[in-house]
Amino acid sequence: MTGVRVGDSIIFGSAWGTPELRAIFDEIGRTRGWLEVLAVLAETQAAFGLIPERAAARAATACRAVAVDQPFLDEVAAGYEASGHSFVGLLDAVAARCEGDGGEWLCFGATVQDITDTWLMTALHLSRESIAVDLAGVEAGLVRLARAHRNTVMAGRTHGQVGLPITFGFKAAGWLAEVRRHRQRLDEVGTRMGIGQLSGGVGSVASMGPRGLEVQAAFLGALGLRPPDISWTSSRDVLAEWCGVLTLITATADRVGHEVYTLQRPEIGELVEGFVEGTVGSITMPHKRNPERSEHMGTLARVVRHDSALVTESLVHEGERDGRSWKVEWQAIPGATLAAAKAVRLLGELVDTLRVVPERMLVNLEAAAGAIASERVMLALAPGVGRRTAHRLVHEAAMVGASAGISVRDAILGSAAITAALDTARLTEILDAPPDTGACAAMIDRLLAGEA
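These numbers were taken from a predicted model, which means no experiment stands behind them.

Draft legend 1. Broad picture of a nonpolar patch on the surface. Residues Val6, Ile10, Ile11 and Phe12 make up a contiguous nonpolar surface patch of about 430 Å² in total accessible area. Locating isoleucine 10 in the fold gives a position in the segment before α1 (19-25).

Written out as structure tokens, the structure is:
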């Protein structure tokens, strides 16, 4: 294992983030990112006459040429331990590789937070783009499911019990609506992201000289970022918002996964997660075919929720910089971003390979033995006896039937109070009518009509 967190594991790391984002946030990717920010800073400052051009070129060359390998990382780590400062080890290691006086001008007038916040925003920009692409794929898959199963009847369940008929397309369309809103949220938060940081010690940009805001704009522009309207060293709401959006997205993945997890139970058998050849469910029970994607999305969503809560704690800063709050982000934001990216990718795979079993849906609906018609019976009784009385009569019949071990259908037909209010022929017609899914199909059509 290359790190303390399981996401850093050579063996298990692939389960906790996508390959693209792991390459951005791992030790090597992050360090290279910081070094590129330092190189661009030196070049920009030289262009404005803040540091010597030759020294800036040497510093930038060293930053880009350094081999970020284990010996280099060990050297940086030793420098950190000796100094107790998060950047001294890195700056010393790069300076030692600079020609002439290049190392003297590294990170001139900038703080650690200038470098790390700026890198973080470039990393999150790439992350947002990657997650947005995968989420678009999830949306397309859910559109297909909603359309294909517009009329596939199944039991709608409340409190874990059979309620009334719906269609599976209706359920998939509900997931689809959430995913569409998440895509909008990703776009919206993107308008507030993409801003870098070059503010100096207390955010005043004084160390960049009289043209400080011009230096800031040129530096950030070279990195593909926008200058902020005002320094945000102690304003972390955008980062908390990012994590909040990830929380919402992964909660949907968790909800979908939990539904599949439950409906795949052999005694229900209405959905089956796509099987990957070679997958082993259990080393002791060879028959097991576990809903691995569905289950792991729930695990990842919990990680995101807790990391997001940690970032929310960092909203409260003291003064213009507060390490207690700010450094929490170093742990929580990469963890939340990686877990969310993996959860969305798994959700896409789940949706694309999900097997729907309509015949089991019908069997389970029929097993309710008339229960799904109880509402229709109540509504038919109501004009004659009132809604409350109608509810009481059907409820009492159902409870008597449950105690006697007979079906809801037979219990309703056997209720003298009900048959006195509604003739048996009409009751039988209601009880034996095809399942009524109400406006499920119409709502699916309405949602799909808004398809991009």
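Draft legend 2. Inspection of the packing of aromatic side chains at higher detail. One pass over the full model with this rule turns up 7 aromatic pairs. Look at tryptophan 34 and phenylalanine 87: their rings are 5.1 Å apart centre to centre, the planes differ by 55°, and that puts the pair in the tilted class. Within this pair, whereas tryptophan 34 is found in helix α2 (residues 27-47), its partner phenylalanine 87 is found in the loop between α4 (70-83) and α5 (88-95), the two being separated by 53 residues in sequence. A relative accessible area of 8% means that tryptophan 34 is categorised as buried. What makes phenylalanine 87 buried here is its relative accessible area of 1%.

Draft legend 3. Broad picture of the nonpolar core. Judged by nonpolar contacts, the single largest core of 105 residues is most densely connected at Phe25, Leu38, Phe72, Leu90, Val94, Phe168 and Trp242. If one sorts the elements of this core by residue count, helix α6 (residues 112-148) sits on top with 14 residues. Those residues in contact with leucine 90 that lie beyond four places of it in its chain are Thr31, Trp34, Leu35, Leu38, Phe72 and Val76. With 16 residues, the next largest nonpolar core counts Ala382, Ala390, Ile418 and Leu422 among its residues.

Draft legend 4. The packing of α2 against helix α3 (residues 53-65), seen in detail. Viewed as axis vectors pointing N to C, α2 and α3 meet at an angle of 165°, and their least axial separation amounts to 8 Å. Taken together, α2 and α3 sit at an angle that is classed as roughly antiparallel. The two elements α2 and α3 cross, and the hand of that crossing is left-handed. The segment α2 lies against α3, with Leu35, Glu36, Leu38, Ala39, Val40, Ala42, Glu43 and Ala46 engaging Glu53, Ala56, Ala59, Ala60, Cys63 and Arg64.

What counts and what doesn't
- Residues numbered from 1 in each chain as written.
- Predicted model: local features only at pLDDT ≥ 70, side-chain atom pairs only at ≥ 80, totals over all residues.
- Heavy atoms only, no water.
- Patch = residues over 30% accessible without salt bridge, like charges linked within 9 Å, V, L, I, M, F, W, Y side chains within 5 Å.
- Areas by Shrake-Rupley, 256 points an atom, 1.4 Å probe, with all protein chains shown as cover.
- Salt bridge = Lys/Arg side-chain N within 4 Å of Asp/Glu carboxyl O.
- Helix = DSSP H or I, 4+ residues; strand = E, 2+ residues; numbered from the N terminus.
- Phe/Tyr/Trp six-rings, centres within 6.5 Å; stacked < 30°, edge-to-face > 60°.
- Buried < 20%, exposed > 50% of the residue type's maximum accessible area, 1.4 Å probe, protein only.
- Core = buried A, V, L, I, M, F, W, Y, C linked by side-chain atoms within 4.5 Å.
- Contact = heavy atoms within 4.5 Å.
- Axes fitted to C-alpha atoms, helices over the stretch in contact; angles between N-to-C directions.
- Parallel < 35°, antiparallel > 145°, perpendicular 65-115°, else oblique.
- Left-handed = near helix turned anticlockwise from the far one by under 90°.

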